[in-house]
There are 2 protein chains.
Amino acid sequence: MTAPASNPLLSDRDVDFQLYEVLDAESLCKLPAFADHSRETFTLFLDSTRRFARDVLAPTYRLMDAEPPTFRDGRVHVHPLMRTLYPQLVELGLLAATRPVETGGQQLPLTVYSLASAYLMAANLSAYAFIGLTTGAAHLIEAFGSEWLKDTFMAKMYAGQWTGTMALTEPHAGSSLADVRTRATPAEDGTYRVSGSKIFISGGDHDFGENVVHLTLGRIDGAPAGVRGLSLFAIPARRPEGGRLVDNDVRVAGAIHKIGWKGIPSLALNYGEGGDCRGWLVGQAGKGLNHMFQMMNEARIMVGFNAVSTASVAYHEALAYARNRPQGRLSWEKDAARPQRPIIEHADVRRMLLRQKAIVEGGLSLLSMASWQADVAEHGATPEARERAGLLSDLLTPLAKTFPAEKGFEANALSIQVHGGYGYSTEYLPEAWLRDQKLNSIHEGTTGIQGLDLLGRKVVAAGGGGLRAFVEEVEATVERARRAGVDPSWGEALNEALQRVVGLTMELGQAGMAGDVERMLRHSADYMELFSVLAVAWRWLAQAAAAREGLARGAAGQDFYEGKIAAAQYWIHTELPRVAQLVELCRSGEDSYTRMQPDWF
Amino acid sequence: MTAPASNPLLSDRDVDFQLYEVLDAESLCKLPAFADHSRETFTLFLDSTRRFARDVLAPTYRLMDAEPPTFRDGRVHVHPLMRTLYPQLVELGLLAATRPVETGGQQLPLTVYSLASAYLMAANLSAYAFIGLTTGAAHLIEAFGSEWLKDTFMAKMYAGQWTGTMALTEPHAGSSLADVRTRATPAEDGTYRVSGSKIFISGGDHDFGENVVHLTLGRIDGAPAGVRGLSLFAIPARRPEGGRLVDNDVRVAGAIHKIGWKGIPSLALNYGEGGDCRGWLVGQAGKGLNHMFQMMNEARIMVGFNAVSTASVAYHEALAYARNRPQGRLSWEKDAARPQRPIIEHADVRRMLLRQKAIVEGGLSLLSMASWQADVAEHGATPEARERAGLLSDLLTPLAKTFPAEKGFEANALSIQVHGGYGYSTEYLPEAWLRDQKLNSIHEGTTGIQGLDLLGRKVVAAGGGGLRAFVEEVEATVERARRAGVDPSWGEALNEALQRVVGLTMELGQAGMAGDVERMLRHSADYMELFSVLAVAWRWLAQAAAAREGLARGAAGQDFYEGKIAAAQYWIHTELPRVAQLVELCRSGEDSYTRMQPDWF
């Protein structure tokens, strides 16, 4: 047995469906920011990206997974393929795709850009990560940096000459940014002398470009403890001086041996071991975390896309395998002389595939919606529209980051299971994608942190304004589904679950306002779980509605629409009922793990 | 950060608790078969095994994981450490520990043997696997082989000179044993000339012992198609001839590059490429699968122990890490100047640890019970006792195999999550245990096959006799918990869930008897899930009862008992309610994945 020869990475039909049937992506072009765009320009961008992902990038994945970067003589050497891949990725116009024309960008909607980049992630997650990180770092300079920083750093990053990183985590503090210790001492030239250590810096060094700029959280001498004392700095590996680049005293202290994402190094960095590391303040002193967090939705939505893409490529691999692999007969077929059946005909294999489909396409739909709200939040027609979309984007982001990371991991494990013993081997790729996937519940805020963010901040923000907007969106979808002729019991079930979640949220929010923060947040993990199930059920109802509309129009691809309706049925009948049970759990105040003492384990 | 220096693998206190407080292992010594044993002999065996596992075996794990076997010039070379480890494992008396004295064994109860071997599995799964496989293969010869086979093959296997394998799977058939094609042609000397190919043969070759005996399913010329045509053969790599061992024409065709269990090779074997491979029939012609299946409970219980041990070692690693790693403060502590807290104090970390504990110790308790029933099935005082225990053992085996494999995988993933970014690296061990764990849902019957076995056979066997015995056992535990002073609502909740499951089983069984096998088995995966949750809730109620009894006696270790009660509360309050929801799902006849057509994906 060999792996199926070609894997679509994502279904083109599904991506188009999400854009033009579930959402109405063309309507974005009515916004002034996107006025130069049309379905044609979207398609051009999507097609060139898809083609590159399939023809060029996907075949490099296994090679880069097998030969991770090496760390020798203080420098990191990545897979030599990156030397040709990176310029090609740059050539596709990815780095500044969503940025304004004046920064060299195309001002594409994030919604379109993200769906296109999902193909690149599915093809080779870590090769694309160099792009994603560079865009994120350059975007911070664009938003908050001085004109000099824009001209000197940002322009080279968007142009693909320099790459960028996000340098937040420190060895002793992990997720606890309040404890960041990296020091920045003001110098007379207006820059800062920086000293400190960072860890898990993805893309922190490589040998295919001329420079790396680390967007770094640090603390200016005398700044207060905690997150309020943090400032943001641009710290290049080599600084411009006298018309050339000179060493800026950023040292690679070591490389983490990651279990996945093997194409991109994860490094420990030391700043200023020689006392000569210069950092440039980006934005206002003491506003470092604020500035970072203004980019956080985009960064976390990107992680969600990392996750859903990794689940998607594995799902398509399992699907092709199940269609081609004959094995066994159905339970009621006793005649061993008849030929074996393709395993897709076994109910349990089909269940595993349908579950993968429900997670992948439900996650993709959730992420498309989160990107859409981010687009409207930035470029909406009115201040009210932007504010409402901002609240929705804030609310959806932790869900859109966490659901694909957590359930995507389950989907990736199912892809191995469908492959049976072969899936347990490195001769097949599902195991590699499973390794890649595990990071997504850890980086850019762990699942635990997303749960606290959702319940502790997002659903109670602006007096519950985000939650109210969410309720309106769900109700509009229920109405759309009703009109489209979707089984009305599905919308009723969704609405009932929604009301339960709203009731629970008010109850927990009141506990918090009454000062019982522990009680409010105790079940944040369960809350994240139930809200994810609900949000994905909403996206599946929207997809069922769009599918019914397609069938009613007599649009091509009846099979595709039937599959959408079956997957919606699956999610609504098998997953949605968990919401009521989890709401009860949260309401009950179940205290086993808060009662549990460290010595009792 | 380095990994905690010592990992207990399993908690001794918990193993003793399962044996002597939850169960009454000393009472087994009243059975004639175990009359020579006592708590002292059990302790001797457990202690020597524990010590070896911790002091000798565990330190070899990382080395063997990093240097998997190589396949050169037709031979497999395993890690050189195996040359010293295997004789030491043999020296511990493991190979025939449960076998009668006349075969060189100690006739230990499986319950005691399994709990002891769990330490070895937790220490180094694949090193132990050579033992487990050899025992299984020798046991087949002991049970069904001729005296000559016992003297010639079995004796050397139990003595540790030769090793053994189980050779069932073929490349074109995977789980579908009905399609096994390996051919056996009767020869005049009473043996068979064998030709065919097997795949995924664990331990199929190595370089630390003088011979390997493959217990092989094949088809005698003229035998019918399907499983009824299968016979069992002992096929040594080298056959005794004229007082020495000569090549028996068994060739290693290739090695699978597994993602875990890296200490033991998984091989493709070809029999009889040169026309000179001799097999010895074991038992009756045409009864091969029957014979295999008489050993199946033991083999599957062993896989359950593989799984729970792999989850256990990772849980203990996460626990030590969480106690020692300071990071962040509690949600309501705003003062960044105070020291960071060990992460075990964060509610969500504690939840992840408690979930791991609930899975590990709940799984261990289920496996102890399954082993206990297997002991009584073989050695019970009366035919009635043996028959009842046999039915229970049959019923519990698919659960005891599947629950630790599936939920153990989740527990292993949580161990990575507790370790954060460090958990995503090979500098720490949780990722290795996650890789090991994934096999357990695949080998010895996939999770899908276990679900079909449970619902299609075990709960309806003997007119529902196994299910009735299960109900009696659960009711006895509810009564024990009531007397011990466990919160009575827990027993009531368990009983209610039990009644729902019994009702569902009758409904599905009737559908099957009415000829609608598809309807009966459609939700076998959900049925497996709900029955697992129920069975583990039963084991947690039993543990809560034993803990309350311990507290009432004033036994030492109050913290330990409090932890047991909190974990029981966790399972009963957070997991048990899922039974009702899943029962409804199965009853509803939800048909999304049977309706789903291959072309709709």
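The model shown is predicted, which means the values in this text are computed figures rather than measured ones.

A. The arrangement of the overall build of chain A in detail. Helix and strand content of chain A: 20 helices and twelve strands. Rg of the C-alpha trace for chain A: 24 Å, near the compact-globule value of 25 Å for 601 residues, within the 12% margin. Each of the three principal axes of chain A carries a C-alpha extent, and together these read 80 × 60 × 60 Å. Burial analysis of chain A (601 residues in total) assigns 65% to the buried set. Sequence-distant contacts, at least 24 apart, represent 75% of the contacts inside chain A between residues at least 6 apart. Counting only carbon and sulfur atoms, one obtains 52% of the accessible surface of chain A, whose full area is about 20,400 Å². Looking at chain A, you have 60 positive and 70 negative side-chain charges, and the mean spots of the two groups are 2 Å apart.

B. Summary view of the confidence of the model for chain A. Averaged over all residues, the pLDDT of chain A equals 96, while 99% of them reach at least 70. Across the interface, the model reports ipTM at 0.97; the global pTM reads 0.97.

C. Looking closely at the environment of B:Leu494. Residue and element names in this part refer to chain B. In this structure, Leu494 sits in helix H15 (residues 488-513). It is 7.0 Å that separates the C-alpha atoms of Leu494 and Trp538, two residues lying 44 residues apart in sequence. The residues contacting Leu494, other than those within four sequence positions of it, are Val474, Val478, Leu534, Ala537, Trp538, Leu541 and Leu576.

D. Main features of the packing of aromatic side chains. All names here are of chain A. Under the defined criterion, the tally for this structure stands at 41 aromatic pairs over all chains. Aromatic pair Tyr61 and Trp433: ring centres 6.2 Å apart, planes at 20°, arrangement stacked. You can see Tyr61 sitting in helix H3 (residues 61-66) and its partner Trp433 sitting in helix H12 (residues 430-438), a full 372 residues away along the chain. Here Tyr61 matches Trp433 in class, with each residue buried.

E. Expanded view of the interface of chain B and chain A. Counting residues at the interface gives 91 residues for chain B and 90 residues for chain A. Surface buried jointly by chain B and chain A totals about 7,600 Å² across both partners, of which 62% is contributed by carbon and sulfur atoms. Area buried by chain B at its contact with chain A is led by B:Tyr424, B:Tyr593 and B:Phe601, which between them contribute 12% of it. In this structure, the salt-bridge partner of A:Asp179 is B:Arg329, at a minimum N-O distance of 2.5 Å. Applying the counting rule to chain B against chain A returns 41 residue pairs in polar contact (both at pLDDT 80 or more). With nine residues, the single largest contributor to the side of chain B that touches chain A is helix H18 (residues 558-575) of chain B. For the side of chain B that touches chain A, the residue count by class is 41 nonpolar, 28 polar and 22 charged.

F. Quick peek at the packing of helix H13 (residues 447-458) of chain A against helix H17 (residues 524-553) of chain A. Residues and elements named next belong to chain A. The geometry of H13 relative to H17 is characterised by a closest axis approach of 8 Å and an angle of 80° between their N-to-C directions. Taken together, the axes of H13 and H17 are roughly perpendicular relative to one another. The residues of H17 that touch H13, namely those facing Gln450, Gly451, Leu452, Leu454 and Leu455, are Ser524, Tyr527, Met528 and Phe531. Of the residues belonging to the contact of H13 with H17, the class tally is six nonpolar, three polar and no charged.

G. Layout of the domain arrangement of chain A. All names here are of chain A. By domain assignment, chain A separates into domain 1 (12-149), domain 2 (162-286) and domain 3 (446-590). Relative placement of domain 1 and domain 3: their C-alpha centres are 30 Å apart. In this assembly, seven residues from domain 1 lie in contact with eleven residues from domain 3. The contact between domain 1 and domain 3 buries some 700 Å² in all, and 52% of this surface belongs to carbon and sulfur atoms. One can count two salt bridges joining domain 1 with domain 3. The partner of Arg553 in a salt bridge is Glu21, with the nearest N and O atoms 3.1 Å apart. The interface formed by domain 1 and domain 3 holds seven residue pairs in polar contact (both at pLDDT 80 or more) in total.

H. View of the pairing of strand S6 (residues 211-220) of chain B. Residue and element names in this part refer to chain B. Most of S6 sits out of view: ten of its ten residues are buried. By the bridge criterion, six bridges tie strand S3 (residues 162-167) to S6 in an arrangement that is parallel. Opposite Thr165, over in S6, you have His214 as the bridge partner. Sheet topology note: the strand S4 (residues 183-186)/S6 ladder contains two bridges and is parallel.

I. Region of interest: the UniProt feature "domain: Acyl-CoA dehydrogenase/oxidase C-terminal" (unreviewed entry) in chain A. UniProt's entry tags residues 286-452 of chain A with the feature "domain: Acyl-CoA dehydrogenase/oxidase C-terminal" (unreviewed entry), counted in the numbering of this structure. Helix makes up 75% of residues 286-452 of chain A and strand 0%, whereas the separation of the span's terminal C-alpha atoms amounts to 24 Å.

J. Quick look at the environment of B:Lys438. Looking at the element boundaries, B:Lys438 is found in helix H12 (residues 430-438). In sequence terms B:Lys438 and B:Glu317 are 121 residues apart; their C-alpha atoms lie 18 Å from each other. With residues near it in sequence (within four places) discarded, B:Lys438 still touches A:Ala413, A:Ile416, A:Gln417, A:Tyr424 and B:Phe409. Within the structure, B:Lys438 has its side chain in polar contact with the side chain of B:Ser441 (distance 2.8 Å).

K. A look at the relation of the copies chain B and chain A. Screw-axis analysis of chain B against chain A gives a translation of 0.0 Å along the axis, an RMSD of 0.0 Å, and a rotation angle of 180°. The superposition of one copy onto the other is thereby described by a two-fold rotation axis. An overlap of 99% is found between the interface residues of chain B and their copies at the interface of chain A, pointing to a shared contact surface.

L. Focus on the side chain of A:Ser368. Residue and element names in this part refer to chain A. By secondary structure assignment, the location of Ser368 is in helix H10 (residues 347-379). Polar contacts involving the side chain of Ser368 include one to the main-chain carbonyl oxygen of Leu364, which spans 2.6 Å. Not counting residues within four places of it along the chain, the set of residues in contact with Ser368 comprises Gln18, Leu23, Thr111, Leu115 and Phe305.

M. Representation of helix H15 (residues 488-513) of chain A in the model. Here H15(A) contains 26 residues, and its C-alpha end-to-end distance of 37 Å stays within 8% of the 38 Å for a straight helix at 1.5 Å per residue. A:Gly515 sits one or two residues past H15(A) and shows a positive phi near 100°.

N. Examining the packing of H15(A) against helix H19 (residues 577-588) of chain A more closely. All names here are of chain A. Remark: H15 packs on H19, axes separated minimally by 10 Å, with the N-to-C direction vectors making an angle of 15°. With respect to H19, the element H15 is oriented roughly parallel. Here H15 runs over H19; the crossing is left-handed. Counted together, Ala497, Arg500, Val501, Leu504 and Glu507 of H15 and Val579, Ala580, Val583, Cys586 and Arg587 of H19 form the full contact between these two elements. Among the residues making up the contact of H15 with H19, the classes are represented as seven nonpolar, no polar and three charged.

O. Up close: the pattern of salt bridges. Inspection of the entire model under this criterion finds 89 salt bridges over all chains. Note that A:Glu361 is salt-bridged to A:Lys564, the shortest N-O span being 2.7 Å. One end of the pair, A:Glu361, is in helix H10; the other, A:Lys564, is in helix H18 (residues 558-575), and 203 residues separate them in sequence. Classification of A:Glu361 as buried rests on a relative accessible area of 4%. The partner of B:Asp453 in a salt bridge is B:Arg457, and the shortest N-O contact between them spans 2.7 Å. Placement of both B:Asp453 and B:Arg457 in helix H13 (residues 447-458) is noted, with a separation of four residues, approximately one turn of the helix.

P. The environment of B:Lys262, seen in detail. Residue placement: B:Lys262 occurs in the loop between strand S10 (250-255) and strand S11 (266-271). Other than its neighbours up to four places away in sequence, B:Lys262 contacts B:Met64, B:Asp65, B:Pro68, B:Pro69, B:Ser126 and B:Arg435.

Q. View of helix H7 (residues 147-158) of chain B. Residue and element names in this part refer to chain B. Where H7 is concerned, the buried positions are Leu149, Lys150, Thr152, Phe153, Met154, Met157 and Tyr158. For H7, the secondary structure elements touched by its buried residues are helix H6 (125-144), S3, S6, strand S7 (230-236), strand S8 (238-241) and strand S12 (278-282). One or two steps after H7, the chain reaches Gly160, where phi turns positive at roughly 90°.

R. Expanded view of unusual backbone geometry. Residue and element names in this part refer to chain B. Here Leu9, not a glycine, exhibits a phi torsion of approximately 75°, which is positive. Inspection of the secondary structure assignment puts Leu9 in the segment before helix H1 (12-22). Given the relative accessible area of 3%, Leu9 is considered buried. Here Gln107, not a glycine, exhibits a phi torsion of approximately 50°, which is positive. Tracing the backbone shows Gln107 in the loop between helix H4 (82-91) and helix H5 (110-123). The exposure class assigned to Gln107 is buried, which follows from its relative accessible area of 15%.

What counts and how
Residues numbered from 1 in each chain as written. Chains lettered and ligands numbered in written order. Predicted model: local features only at pLDDT ≥ 70, side-chain atom pairs only at ≥ 80, totals over all residues. Heavy atoms only, no water. Helix = DSSP H or I, 4+ residues; strand = E, 2+ residues; numbered from the N terminus. Rg over C-alpha atoms; globule rule 2.2 N^0.38 Å. Buried < 20%, exposed > 50% of the residue type's maximum accessible area, 1.4 Å probe, protein only. Contact = heavy atoms within 4.5 Å. Areas by Shrake-Rupley, 256 points an atom, 1.4 Å probe, with all protein chains shown as cover. Lys, Arg positive; Asp, Glu negative; His and termini not counted. Charge placed at Lys NZ, Arg CZ, Asp CG, Glu CD. pLDDT = per-residue confidence, 0-100. Phe/Tyr/Trp six-rings, centres within 6.5 Å; stacked < 30°, edge-to-face > 60°. Buried area = accessible area lost by both parts, 1.4 Å probe. Salt bridge = Lys/Arg side-chain N within 4 Å of Asp/Glu carboxyl O. Polar contact = N/O pair within 3.5 Å; in protein donor to acceptor, adjacent residues only side chain to side chain. Nonpolar A, V, L, I, M, F, W, Y, C, P; charged D, E, K, R; others polar. Axes fitted to C-alpha atoms, helices over the stretch in contact; angles between N-to-C directions. Parallel < 35°, antiparallel > 145°, perpendicular 65-115°, else oblique. Domains from an automatic or database assignment. Pairing = 2+ DSSP bridges. UniProt positions renumbered as here; feature names shortened; annotations may be inferred. Least-squares fit on C-alpha atoms with pLDDT ≥ 70 in both. Expected span 1.5 Å × (residues − 1). Left-handed = near helix turned anticlockwise from the far one by under 90°.

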